[in-house]
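# Structure assessment
Chain by chain, the residues:
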Amino acid sequence: MLPLLATQAAAARELLSPEVLAYIEDGGVAVTEAATAWASMRLLPRVLRDVSSVDTSLTLCGSQLSTPVLVAPTAFHGRVHPEGEAATSRGAAEAGSLMVVATRSDRPVTEMTPPFWWQSYVLRDRGFTLERAVRARDAGASAIVVTGDTPFLAPRSGGLRVPLGDQEQDPTATFAVVEWLASETGLPVLVKGVLRGDDARECLASGASGVIVSNHGGRQLARAATTASALASVVDAVGGAVPVLVDGGLRSGLDVLCALALGATAVLVGKPVLYALAVGGSAAVTACLDALTADLATAMGLAGCATLADVDRSLLA
Ligand SMILES: Cc1cc2nc3c(=O)[nH]c(=O)nc-3n(C[C@H](O)[C@H](O)[C@H](O)COP(=O)(O)O)c2cc1C
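All figures in this text were calculated on a predicted structure; none of them were measured in a lab.

### Re the pattern of salt bridges
For side chains bearing opposite charge, pairing can occur when the charged atoms are close. Here the structure, examined in full by the defined rule, presents eleven salt bridges. The salt bridge partner of Glu131 is Arg135, with a shortest N-O separation of 2.8 Å. Placement of the pair is Glu131 and Arg135 together in helix α5 (residues 126–138), with a separation of four residues, close to one helical turn. Residue classification places Glu131 among the partly exposed positions, given a relative accessible area of 44%. Where Asp138 meets Arg137, a salt bridge forms, and the shortest distance between an N and an O atom there is 3.1 Å.

### Looking at the nonpolar core
Trp38, Leu70, Trp117, Leu231, Val246 and Leu289 are the most contacted members of the largest nonpolar core, which has 102 residues in total. At 15 residues, the largest contribution of residues to this core is made by helix α10 (residues 271–302). Excluding residues within four positions of it along the chain, Trp38 makes contact with Thr227, Ala228, Leu231, Val246, Gly248, Gly249, Leu250, Asp255, Cys258, Ala259 and Leu262.

### A word on the side chain of Lys271
Considering the arrangement of structural elements, one finds Lys271 in helix α10. One buried charged residue, Lys271, forms no salt bridge at all, with the nearest opposite charge on Asp247 at 8.2 Å. If sequence neighbours within four positions are ignored, Lys271 has contacts with Ile24, Val31 and Arg251.

### Focus: the packing of aromatic side chains
What characterises a pair of aromatic rings is the spacing of the ring centres plus the angle enclosed by the ring planes. The full count for this structure, using the stated rule, is one aromatic pair. For the pair Tyr23 and Phe76, a centre-to-centre distance of 6.0 Å together with 50° between the ring planes defines the contact as tilted. A residue pair is termed long-range when its members are at least 10 positions apart, and Tyr23 in helix α2 (residues 18–24) and Phe76 in the loop between β3 (69–71) and α4 (84–94) qualify at 53 residues. In this structure, Tyr23 and Phe76 share a single accessibility class: buried. Of note, Arg126 hangs over the ring of Trp180, and the distance from its end group to the ring centre comes to 5.8 Å. Above the ring of Tyr23, the side-chain terminus of Arg219 is found at 4.9 Å from the ring centroid.

### So, the site of the ligand
Residues in contact with the ligand amount to 24 residues; listed here are only the nearest, Pro73, Thr147, Asp247, Arg251 and Gly270. In the model, an oxygen atom of the ligand is placed 2.7 Å from a nitrogen or oxygen of the Asp247 side chain. Between an oxygen atom of the ligand and a main-chain N or O atom of Gly249, the distance comes to 2.8 Å. Look at the ligand: alone it shows 600 Å² of surface, and the protein chains cover 98% of it. Among the elements that make up the shell around the ligand, the one with the highest residue count is α10 (three residues). Its residues assigned to classes, the shell around the ligand shows ten nonpolar, nine polar and five charged.

Calculation rules
- Residues numbered from 1 in each chain as written.
- Predicted model: local features only at pLDDT ≥ 70, side-chain atom pairs only at ≥ 80, totals over all residues.
- Heavy atoms only, no water.
- Salt bridge = Lys/Arg side-chain N within 4 Å of Asp/Glu carboxyl O.
- Helix = DSSP H or I, 4+ residues; strand = E, 2+ residues; numbered from the N terminus.
- Buried < 20%, exposed > 50% of the residue type's maximum accessible area, 1.4 Å probe, protein only.
- Core = buried A, V, L, I, M, F, W, Y, C linked by side-chain atoms within 4.5 Å.
- Contact = heavy atoms within 4.5 Å.
- Lys, Arg positive; Asp, Glu negative; His and termini not counted.
- Phe/Tyr/Trp six-rings, centres within 6.5 Å; stacked < 30°, edge-to-face > 60°.
- Lys NZ or Arg CZ within 6 Å of the ring centre and 35° of its normal.
- Near = heavy atom within 4 Å.
- Polar contact = N/O pair within 3.5 Å; in protein donor to acceptor, adjacent residues only side chain to side chain.
- Areas by Shrake-Rupley, 256 points an atom, 1.4 Å probe, with all protein chains shown as cover.
- Nonpolar A, V, L, I, M, F, W, Y, C, P; charged D, E, K, R; others polar.

Put into structure tokens, the structure is as follows:
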């Protein structure tokens, strides 16, 4: 793990209440496995390439970003910092990144700093689901991320108990929601939580503009495979048709480089951003993302890659 991320995590654990910490760190075996899986990957660097300047910039679903390290959707930022998601999204934008704003945000979407995407759960109340997506679009969201791995919330081992009421998940949701949200909002729709090639192909057939390989940080199906092990099969199934993103346990530039080498276009980080927000608000979120991006640039340079286009699977041992 990158030293700054370890420092921020340690400081956050001192600050946060046991209840909030238990909520953030829920996920059992999958949490440690996720990071270990990335850390076990080995690289075959290229030598004697001009890496005097390393460029980590990219265009993703129409957004110009200076880093492929994005902020994963996580709920309830108000529990870790008084400014909540407003601070997180400002910190992400400042780093040239973007935040995926969660359905269960504590701050209104009008307080977010573009660029940002809207994470949509499919709720039993489809009208309310769409109303919130449209509101997000009107506030500046440039894409929608449908979380597909949560037909209902898995029982939590501890932490926050949230009264959901009309916000209950709809367990009848199918791939048809992709086309529905895309046509109703006019925004690109990405599906989050994909771990299988066949599901990735279903996403494409339903008009998805991207696929996010994720096991929800191990918070849903407790024995879901690591994203490091599932990514290649999803990338191969998608065949370059749309961007493939990945999250889960990415904690250093080397981890990010390995994910990009497997074929990811970008990655997302969840818990490290929450710890950063807890300890220092928006500036600490920027520092966390900047540190990951700088570490990625170093890893790319040492691997002989001057641009993200130079990163491919031949780098993996
Ligand atoms: C506290 C917490 C809340 C989360 N809430 C959501 C959510 O509302 N929607 C969603 O799609 N994913 C949610 N996730 C999953 C994250 O988007 C991400 O998949 C996961 O945290 C893995 O990344 P990480 O290892 O960098 O934390 C949540 C994760 C955490 C830790």
